[in-house]
Amino acid sequence: MERRNKPIRFAIYGCGFIANIHAAAVKSLADAELVGAADLFPAAAERFAEKEGIKAYEDLESLLQAKEVDAICICTPNGTHAD
């Protein structure tokens with residue numbers, strides 16, 4: 001497997017309690033970077049993004065389309081992951 005020269009850029013969807021744990025995990029990795037967040041409630045994404053110093057996206061679709069995001073941590077309640 002080829003090693004990347006640049007960090008994997010992560011975003012978080014769902015900015016509740018568990019998002020804090022995922023953010024800490026991403027930030028602890030040498031070749032990962034937390035770059036964005038979105039939530040069903042845009043104000044929650046704004047608060048989380050401000051706290052983390054990252055970009056808030058207005059909704060899931062804009063997060064999925066973001067060229068600066070390589071991977072997304074799904075941090076919504078377990079029962080909503082498939083949706």
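Residues numbered from 1 in each chain as written. Predicted model: local features only at pLDDT ≥ 70, side-chain atom pairs only at ≥ 80, totals over all residues. Heavy atoms only, no water.

A. Seen up close, the nonpolar core. By size, the foremost hydrophobic cluster in this structure holds 16 residues, and its most contacted members are Phe10, Ile12, Val26, Leu34, Phe48, Ile54 and Cys73. Going through the elements one at a time, strand 1 (8-13), helix 1 (17-28), strand 2 (32-38) and helix 2 (42-52) are the ones with two or more residues in this core. Residues in contact with isoleucine 12, not counting those within four places in the same chain, are Ala19, His22, Ala23, Leu34, Gly36, Ala37, Ala38, Phe48, Leu63, Cys73 and Cys75. By size, the runner-up hydrophobic cluster in this structure holds eight residues, among which are Ala11, Val35, Ala38 and Tyr57. (Core = buried A, V, L, I, M, F, W, Y, C linked by side-chain atoms within 4.5 Å. Buried < 20%, exposed > 50% of the residue type's maximum accessible area, 1.4 Å probe, protein only. Helix = DSSP H or I, 4+ residues; strand = E, 2+ residues; numbered from the N terminus. Contact = heavy atoms within 4.5 Å.)

B. Just the sheet that holds strand 1, in detail. Strand order in the open sheet made by the four strands is 3-2-1-4, with parallel pairing throughout. Each edge of the sheet is formed by a strand with only one pairing partner; in this case those strands are strand 3 (55-56) and strand 4 (71-74). Contacting strand 1, strand 2 and strand 4, helix 1 crosses the sheet at an angle of about 155° to strand 2. (Pairing = 2+ DSSP bridges. Axes fitted to C-alpha atoms, helices over the stretch in contact; angles between N-to-C directions.)

C. Molecular detail of the pattern of salt bridges. Under the defined criterion, the tally for this structure stands at four salt bridges. Of the charged contacts in the structure, one is a salt bridge between lysine 55 and glutamate 68, with a shortest N-O distance of 3.8 Å. With a gap of 13 residues between them, lysine 55 in strand 3 and glutamate 68 in the loop between helix 3 (60-65) and strand 4 connect regions that are remote in the sequence. Accessibility expressed as a relative area gives 31% for glutamate 68, which makes it partly exposed. Through salt bridges with shared partners, a single network forms among Lys27, Lys51 and Glu52. (Salt bridge = Lys/Arg side-chain N within 4 Å of Asp/Glu carboxyl O.)

D. Focus on a nonpolar patch on the surface. On the surface, Phe17, Ile18 and Ile21 cluster together to form a nonpolar patch covering roughly 320 Å² of accessible area. Among the secondary structure elements, phenylalanine 17 is positioned in helix 1. (Patch = residues over 30% accessible without salt bridge, like charges linked within 9 Å, V, L, I, M, F, W, Y side chains within 5 Å. Areas by Shrake-Rupley, 256 points an atom, 1.4 Å probe, with all protein chains shown as cover.)

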